[in-house]
Every structure is written in structure tokens, then in C-alpha cells.
Amino acid sequence: MTLQDILPIKTLADSERKQVPLLRRFTVVGLVAMLFTATLLIHLYRQDQISSYEKVAASENERTLAFLMRALSDQINDYVIQSKKLDVKALQADSTLGERIFSILDEVSEDNVLKVKIYNLSGMAVYSSDLNEIGGGSKNQELLDRALHGATLNKIEHRDEFVGRIGPITDIDISLTYKPITHAGIQIGVIEIYNDASPIFNRLRANYVKIVLIVSGIFGSLFFALFFGISRADRDVKKWQEESEQAEDELLKQKQFSDAIINSLPGVFYLITPQGKFARINQQFIDVTGYSKDECSRIGALDLFEGADKNLIAQKMQQVFETGIASAEAEVTTKSGKKVPYYFTGHRINLDDQIYLVGVGLDITERRSAEMELRIAASAFETQDAILITDAKSNIVRVNRAFTEITGYSAEEVLGQNPRMMNSGQHERSFYIEMWQQLLHSGCWAGEIWDRRKSGQIYPKWLAISAVKDAAGETTHYVAIFSDITARKQAEEMIHNLAFYDALTKLPNRRLFLDRLQAALAASMRRKDFGAVLFIDLDRFKALNDTLGHEYGDLLLIEVGVRIKACVREMDTVARFGGDEFVVLIGEISKHLDDASHKVAVVAEKIRETLSSPYKLKEHEHHCSPSIGISLFHDNDVPMDVLIEHADMAMYQAKNAGRNTVRFFDPVMQHNVAAHDALENDLHHAIELNQLHLHYQIQVDNNNRPMGAEAFLRWDHPERGMLMPGHFLPIAEESNMVIDIGRWVLQTAYQQLALWKQDEITRDLTLTVNISAKHFAHTEFVDEIANMLKAGHVDPTRLKLELSERLVLIDLNSTIAKIEALKSLGVRLSMDNFSTVYSSLSYLKQLSSDQLKIHKEFVHGISQGGNDVRLVETVINLAKSLDLHVFAEGVETEEERAFLHDHDCNAYQGYLFGKPVAIEEFEKTIRKF
């Protein structure tokens, strides 16, 4: 074998050198080319004309349909919608729409319209100019199916026979258009129109014949002109060919090895000696390794490899020289140190009695990257999410393992099938139409859907579908990825229940009730009728928890919820607001106030009676009653929060009326509450605005000599005038304002004592201050008194703190400790309201009071005789026996004073001696005594 045997250079044989004459070749080839070109041009012309007409016809059809839909939009929409309720015979009998359609077409001179058809979403013709087609489908079912998915489609076709509004027609060309019918943004059907295209096609055929004749004449003339021009060139070429053949043979004999051939190889070329040296390489080899041709002649083949690759190549080279062939993959180390993966093949050859290894290496970098991507893709394909791949026709071509685990179907069972085999039946057809419309428009769709497993179980899943397109933009496959969201739906339901339902009674909670109330108010505004909110509170529920425990309280609440629900309609809402508070929403009662009030009262009374029946709580029988407040609403005339507040206020009115009763919201009560809130807001600023004042009522001893005064609080309101304590102290008692006010009263009274100390007439007066329960119960009360006394130089015995009997008995042990601490400071104490609450000799003894005050209601009863007289006598005798100072308040008549004086009462206070007055008037009164 020679080097030429390895890389043979093909030369022209004698037979090959005999070229076909140029004229003969042109005659055949040119004629064929011209005929082909002429045919192609004629065909293209015809197709262009047909395409142009199709566009014109499509535009005309769509224009006609648009005109029809504008003119008859409401009639067509109503007809399609009403067609669901009619059978085929009824549809065929109704000619009103057809007459209206063609009367409209006649108005715009649409003489070419042959027929109009209308289909519903199921693909059935509900109207046709040919009545026999009503109830059927379409001959172009594929176009109709696409139109049912939202596409507007056009087509031109030839019919051997066609039935239109004027009867049967034979051998006719028609243009037809399908257009979706939408109503309120939703597709409800498809309208189809047929137009007569025969006149245009007849003209097209006539023009086609003319064009054929013209093109044939032009190309025939061109062919003969070129033929005679080429014939002369053919003779010159033949002469040149004969002269060059001799020189070509000599040149090919000298070129034994063609660099052009080896350099055109797709990879690196190498020729290696048995000693491992390069005998020949191509340019690609130099470009890849970075070594020059001279450098490659000096290095060995194994120098291009490192580590395990070097050992592998050495083994493969030995294998080639021994067996004749071998291949391997290894990384070439270039001159710059870069490693490039290559696939090598080697063969043993004999050249001029010398053995060589000849081979080619191919760069496999891209192949390895592709393999890596395939491995990654394969790994990604087997994820926890199910993957389903279909072809463009929606036939399943591949699924992963997660698909089988979720659906129960094996790959063999679903390949080639349509995914609709897993349809759950839970979605309307319009759902899938909308899905495909979005998928076709944007190439993707994602959402929640219900499907069916192989076992028949319906389950929810999250599905994402993507269209796979080729380079031309055509869809080749669809990839669907989905996951079973059953657990998530269950968790959502649990969260929903926790968010909107009471955990104990399973009734709607406040949040859900407010949502439903908002909807009920809107509905009431639309219907102009009345609804009602019932606020229910259990009477003395706390006593049950305190005696039997919260477990029994929970059992009662559950039973109450059940009983209330049994008293109202299914459409009404029963909710638990918390604790023992329940709320009922009743809607659509009546359009008349009196009727609505009566009906709600009946329901409320039924609830009251039901809840008042005995409860069996385990082994205990429990009796309970409700207080129910009712607030009516109408036409959304009251804000939602105000409506509930009204019902709550009515409920408290029911409690104040003795419990176990029903009360409607009273606007007067609302006015009182509003006034209460306004007064409370003003009271917050009364101290800082210096609106509070003290008035003083004189106290006298048994000889009518001034011995002191009692301080009475007054509020000089800027709008309401002078307010008595009864108007605002109960409001202050509801909050901690009473503590701030009590501190102000003590400070003001103490400052007044300091001023009196400087006057000889007033220095011995005692000032009595009433202490509120909250202020006295404050942990720092005694410290406040102590700090106040330290700040001044007033005799502590001049300050008398008046405590009510109810106040001190709330926490007797703590009260005794505070009284002892106050007495150690030198402050005097007076027990007020004695004998009106829980009087007890033991209490009097423990409290160590300095003074016992007889309540004014008993003093006023002296003049009437009877029990009040005996009670006053008893109190005075009791106080004397305990060595207590006796003080009578509310003395208004001389008769009352005389009786008290005769029974050794020590001191008096009342209108007989003076009313509470401002400090200036009080001091004037003192100086008159």
C-alpha cells in the first residue's frame, strides 16, 4: 500500500472526460427548467389570485357578519340563549330570525349571501336558512370546533351541490366564514355565512388561460434566442476542454497527498509512527493543541495527555498496532493547559513497507454538555410533581413516575390516550373552552382543577400547561405539570374554619358574621325590605362557670347554639361573638316596618322561650335565661358597626328591665348613650381646663356651732353649665378617671385646709372628703395620703375621709389594713350609708371608724314615725356603745334636728343649716355664726 492508497486523489477517466456537448445539455436542461419555471409562475399567479380573493371574500364575509351582529345583536343573543329550552321542531318552526336576517342583508344589497347558520356551544345548528340542517352539525366540523374555541375562520371550497336560501345549486364555488358569538364578554355560540364565489372563479379561470398563453410565448421566444447563442459557445468550450485535459492529468499525478482533503476533515487528523511520533497532522490539529507543525514533530503523541487519560491512550495505541483498530475518549491538554474532550478512532496502515497509525479525533464538548443536560432533564422529569406530555393533537406521549403515583394509571394505560379520560365532570364545558382559548392565545395556562384518579376518586390538583413550539413557531407538544393539592385544600378549609367559625360551637364567628351582615345590608338596599340583628346574652352565665366549672359552661354554650339555630331559618345566620354572647342575622323579613317588627318579635320570643327551658349538663340540670336586644335595618340606612351597637344597647336595656326579656332598640336610649360618650370625652379634659370645683356644706355640732364642712364636687361645663356629681361621677367610675379626679379633690381639699389654718375663725374646722371605691382600692392610696400630709403643715385630724359601707366590705381584710394605716397617719374616718347595705356589729368593731353617719333617707323618715324612728334610735345607741361619734346628714327640718338632739346625736348636716356653696359664700356663712 502507498500513501496514495490512503488518501486517493480521483482523476478523470477517459470516459469521464468525454463531456456532453453544451448545446445538447442546454437543450434538455434549459427546456425542462423553462417549462418548470413557466408552470411555477402560472401556478403562483393562480394561487396569488385565489389567495387575494380569499382575503377579499373573508373580509367581505366578516364585514357582513359584523353588520348583522351590530344590527341584530340582541335578537341573535336571545335566540341562542333561548334555543337551549327548545327542541328541533320548535326551532325549525320559528322563522322570525331568518326573515329579520335576510331583510337586513337585502337592505345592504348582499345578493351573494347563500345561507346563514347559527350554532350553540355544543356544535348543534340552532338556526339555518336551510331548515333541514337545524339540529345537525357542520360539514366543516374541524373549523367549527376551532370557532367554538374563539377563532374566526374562513374558507373557499367547491361544492357539487349546495342548498341555500334560494334552493339547491349545483357546481358552485362558495366562500364561508365562522365567527364566534359573544354576550357580556362570554362566547355563547358561532355564526356561519356562505357567499357565492362562482363569478369570481369564472373570471379567474378565463384569466388563467390568458396567462398560460402569454407565459408560454415569452419563455418559448427566450428559449430559441438562448439556444442559438449557446450553440456557438459550445464549440469554443469543447476546444478548450480538449486542450486542458492533458495539463490536468499531469497535475494530478504530482499531487500525492492533498492538504485540502485532510484539512477539510471535521476533526483533527494524525499519522503516528510506532515510536509514538507525529508523521502528519492537519491544520485543525494545530488550531486545537496550540502547537506549531515543527513543535508537533518533536513531541510524542502521549505528551498531549495527562494522568489516567495518558495511560488509556497508550493502551489504545498498542491495541491499534496489535489488532488494527481502536477508539477512545480522552481529554487533550493544549499548550495553554486547557483540557478539551475528544473522541479518537485509529487504524493500522502500511505505507511503503512502514507501519503507521492513522486516525481522526472529534471534539465532543457539545456532546458531553448535551448528555449532561439530558441527565439533568431526566432527573428533573422524575420530580415529586406529575408530568404529562402530549403531542399537538393532545395524545399522551410520555408521563413520569409521579403521574402514576398520583393518578393510579400506569404509563402503558395512558400512552396514546387523551387527558380527558381523567375528566372529573366537576367543570362546565365553558371552563375547558376558556382554558384552551388562553392556552392558544398565550401558550400557557395555570390554575386549580378537579380530576379523577383511576380508582374513581375525585381530587383537586394545581395544573400548569405550556405549549412547546418549533423554530417556525408551530406547537409540537404540550407539557402539563401538576401536583395533588388535597392536603393543601384540607389545610385551607381548616384555616378557613379557624378564621370564620367558632371553635367551640362551630357557629360563624364575628368576622364571618360581619361579612354576611354586609351582604345582607346591600341586599336590603336592593330589595327595599327590612332585616334584623338580634343580640343575645345569657343571664348569670358566670355563676355556672364559677360553681360547676368551664367544662359545664362550654356544654351550655354548645347547646345554646343548637337551640338558637333550631329557632331560625336555614338562610339566617347564628354567630357567637365570644363568651356567652350570640348574634342572629335575619334577612328578607318584610317591606313594612310593623310587619317586620311583629315577625322578629315572634322569632325572638321563640328563642327566649327555647333558651329558658332547662338544660341537662351531664348529671346536672341547669336553668338559664337570655336577654335579647333587637335592631332593625332597612335600605342600608345604618352603618354596620352602629347596627350591632344598637342591638347590644337594646340587650342591655333588656337586662336592666329584669333579664329574661326582649327589647327593641330605642332611639332615646341611643341619644342617652351618645350624650354619655360626649360627656365622657369632655370629662377627660375637665381637670386640665380647670372646670372642676369644690362646694362646701356646713356641718354643726349639737349646739349649732360650725365644726366643719363636707366637700362636694361640681363640674362647670362650658356648654351644660354646672353639673352635679350624679351626672358625671358614674361615668368616671366606669374608667380610671375617677382616680385622677379623687386625687384632685384630695389635693384641693388639703390646700383649702392649709388656707383655713391661717384664719382664726376657720383654723379648727374639719373638712370631709368622700373617697371612691376605685381610688380607695388603689395600691398606692395610703402612700398618696402620706405624701400629701408630709408636703404641708396641716393637722391630719382636720382631714376626714368618708367611706361607704359597700366600699369597705368589698375586700374586708385589705380595707382593715388600709384603715389602720390611715389612722396611724392621724387622718379621721367616717362610715357613710350605715344600715343601708350589709351592716354588722362585727364590721364596725373591726373597721375602727371615728364616726358613724346616719343616712339621709332614715333622717327624712323621722317625721313619719314607724320603723325609721326606731332604726335611728338603734343606730345612735349602737354608736354610743362603741364610743363612736354620731353624725346625721340630710337634716332639713327643725323637727328632725330636735329628735336627733334629744337622742344625743353629736353633729348635723343638711339644708336646715346650709346648702353646698362655693368657698367664698361658705366663708361668709361661717362668719355669721
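Residues numbered from 1 in each chain as written. Predicted model: local features only at pLDDT ≥ 70, side-chain atom pairs only at ≥ 80, totals over all residues. Heavy atoms only, no water.

Draft legend 1. Up close: the overall build of the chain. Assigned secondary structure in the chain consists of 33 helices and 31 strands. The buried share among the 929 residues of the chain stands at 41%. Within the chain, counting contacts between residues at least 6 apart in sequence, those at least 24 apart form 59% of the total. In the form shown here, the chain has an accessible surface area of approximately 50,100 Å², with 53% of it arising from carbon and sulfur atoms. (Helix = DSSP H or I, 4+ residues; strand = E, 2+ residues; numbered from the N terminus. Buried < 20%, exposed > 50% of the residue type's maximum accessible area, 1.4 Å probe, protein only. Contact = heavy atoms within 4.5 Å. Areas by Shrake-Rupley, 256 points an atom, 1.4 Å probe, with all protein chains shown as cover.)

Draft legend 2. Summary view of unusual backbone geometry. With a phi angle near 60°, Lys-528 is a residue other than glycine that sits in the positive phi range. With respect to the helices and strands, Lys-528 occurs in the loop between helix H17 (510–527) and strand S16 (530–538). With phi around 55°, Glu-588 is a residue other than glycine that occupies positive phi space. Classification of Glu-588 by relative accessible area gives partly exposed; the value is 41%.

Draft legend 3. The sheet that holds strand S7 (residues 278–281), seen in detail. Spatial ordering of the open sheet is given by S7-S6-S10-S9-S8, a layout of five strands whose pairing is antiparallel. Each of the sheet's edge strands pairs with one partner strand only, and the pair in question is S7 and strand S8 (325–333). Put simply, the sheet's adjacent strands are angled 25° from each other on average, direction ignored. (Pairing = 2+ DSSP bridges. Axes fitted to C-alpha atoms, helices over the stretch in contact; angles between N-to-C directions.)

Draft legend 4. Structural detail: a nonpolar patch on the surface. There is a patch of nonpolar side chains on the surface, built from Phe-36, Leu-40, Leu-41 and Leu-44 and spanning about 380 Å² of accessible area. Positionally, Leu-44 belongs in helix H3 (residues 22–82). (Patch = residues over 30% accessible without salt bridge, like charges linked within 9 Å, V, L, I, M, F, W, Y side chains within 5 Å. Salt bridge = Lys/Arg side-chain N within 4 Å of Asp/Glu carboxyl O.)

Draft legend 5. Focus on the layout of surface pockets. Within this model, the largest pocket holds a volume of roughly 1,300 Å³. If you go around the largest pocket, you meet 37 residues; those closest to its centre are His-149, Ser-394, Asn-418, Arg-420 and Trp-436. In terms of residues, the lining of the largest pocket owes the most to one element, helix H15 (residues 429–442), which gives seven residues. Here the lining of the largest pocket is composed, by residue class, of 19 nonpolar, eight polar and ten charged. There is about 1,100 Å³ of room inside the second largest pocket. Along its surface, the second largest pocket is lined by 40 residues, and Glu-710, Phe-712, Asn-770, Glu-802 and Asp-832 are the ones closest to its centre. (1 Å grid on protein atoms, 1.4 Å probe; cavity = no way out; pocket = protein on both sides within 12 Å on 5 of 7 lines; lining within 4 Å. Points joined across faces, edges and corners; volume = space filled by probe spheres on them. Nonpolar A, V, L, I, M, F, W, Y, C, P; charged D, E, K, R; others polar.)

Draft legend 6. Structural detail: the environment of Ala-709. The residue Ala-709 is located in strand S24 (residues 706–717) in this model. Exposure remark for Ala-709: the relative accessible area of 0% places this residue in the buried category. With 58 residues separating them along the chain, Ala-709 and Leu-767 place their C-alpha atoms 5.1 Å apart. Excluding residues within four positions of it along the chain, Ala-709 makes contact with Tyr-696, Gln-697, Ile-698, Gln-699, Trp-756, Thr-766, Leu-767, Thr-768 and Phe-922.

Draft legend 7. Up close: empty space enclosed by the protein. Inspection of every chain in the model, using the stated rule, returns one cavity of 30 Å³ or more. What lines the largest cavity is a set of 23 residues, among which Tyr-270, Ile-272, Phe-305, Ile-313 and Phe-344 lie closest to the centre. Of all the elements in the fold, those that place two or more residues in the lining of the largest cavity are strand S6 (268–272), helix H9 (283–289), helix H11 (307–323), S8 and strand S9 (339–351). A per-class count over the lining of the largest cavity returns 18 nonpolar, four polar and one charged.

Draft legend 8. Just the packing of H17 against helix H21 (residues 640–656), in detail. Where H17 meets H21, the closest approach of the two axes is 10 Å, and the angle between their N-to-C directions is 105°. On the basis of the axis angle, H17 is roughly perpendicular to H21. Here Phe-513, Leu-514, Leu-517, Gln-518 and Leu-521 of H17 lie close against H21, whose contacting residues are Met-640, Leu-643 and Ile-644. Classifying every residue of the contact of H17 with H21 by side-chain character gives seven nonpolar, one polar and no charged. (Parallel < 35°, antiparallel > 145°, perpendicular 65-115°, else oblique.)

Draft legend 9. Summary view of the pairing of strand S26 (residues 766–770). Counting buried residues in S26 gives four out of five residues, a clear majority hidden from the surface. Pairing of S24 with S26 involves three bridges; the strand directions are parallel. Residue Gly-708 lies in a different strand from S26, and its bridge partner there is Thr-766. The sheet contact formed by S26 and strand S27 (residues 799–804) spans four bridges and is parallel. In the sheet register, Asn-770 faces S27, and the bridge partner there is Glu-802.

Draft legend 10. Spotlight on the pattern of salt bridges. If you walk through the whole model with that rule in mind, you get 35 salt bridges. For Glu-329, the salt bridge is made with Arg-368, and the minimal N-O distance between the two is 3.6 Å. Residue Glu-329 is found in strand S8, and its partner Arg-368 is found in helix H12 (residues 365–381); the two are separated by 39 residues along the sequence. Three or more residues joined by partner-sharing salt bridges are found here, namely Glu-329, Glu-331, Arg-367 and Arg-368.

Draft legend 11. The arrangement of the sheet that holds strand S5 (residues 186–196) in detail. Read across the open sheet, the five strands follow the order S2-S1-S5-S4-S3; overall the sheet is antiparallel. Single-partner strands in this sheet number two, and they are strand S2 (125–128) and strand S3 (153–164). Averaged over all adjacent pairs, the angle separating strand axes in this sheet is 25°, with direction ignored. With seven bridges connecting them, strand S1 (residues 113–120) and S5 associate as antiparallel partners. Paired with Asn-120 across the strands is Gly-189, a residue of S5.

Draft legend 12. Main features of the nonpolar core. Residues Tyr-696, Trp-756, Phe-781, Ile-785, Leu-801, Leu-900 and Phe-922 are the most contacted members of the largest nonpolar core, which totals 68 residues. Among the elements that take part in this core, helix H24 (residues 737–756) stands out by supplying ten residues, more than any other. Of all hydrophobic cores here, the second largest spans 31 residues; its members include Ala-532, Val-568, Tyr-615 and Leu-617. (Core = buried A, V, L, I, M, F, W, Y, C linked by side-chain atoms within 4.5 Å.)

Draft legend 13. Just helix H19 (residues 550–567), in detail. With 18 residues, H19 ought to run about 26 Å at 1.5 Å a step, and its terminal C-alpha atoms sit 26 Å apart, in line with that. If you check which residues of H19 are buried, you get Tyr-552, Gly-553, Leu-556, Leu-557, Val-560, Gly-561, Arg-563, Ile-564 and Cys-567. (Expected span 1.5 Å × (residues − 1).)

Draft legend 14. Region of the structure containing the packing of aromatic side chains. Throughout the structure, instances matching the rule amount to 19 aromatic pairs. Between the aromatic rings of Tyr-270 and Phe-344, the centroid separation amounts to 6.2 Å while the plane-to-plane angle is 65°, which identifies the pairing as edge-to-face. One end of the pair, Tyr-270, is in strand S6; the other, Phe-344, is in strand S9, with 74 residues separating them in the sequence. Among the residues examined, Tyr-270 registers a relative accessible area of 6% and is labelled buried. On the basis of an interplanar angle of 85° and a centroid distance of 5.5 Å, the ring pair of Trp-715 and Phe-728 is categorised as edge-to-face. Here Phe-728 lies in helix H23 (residues 725–733) and Trp-715 lies in strand S24, a separation of 13 residues in the sequence. The same class applies to Trp-715 and to Phe-728, which are both buried. (Phe/Tyr/Trp six-rings, centres within 6.5 Å; stacked < 30°, edge-to-face > 60°.)

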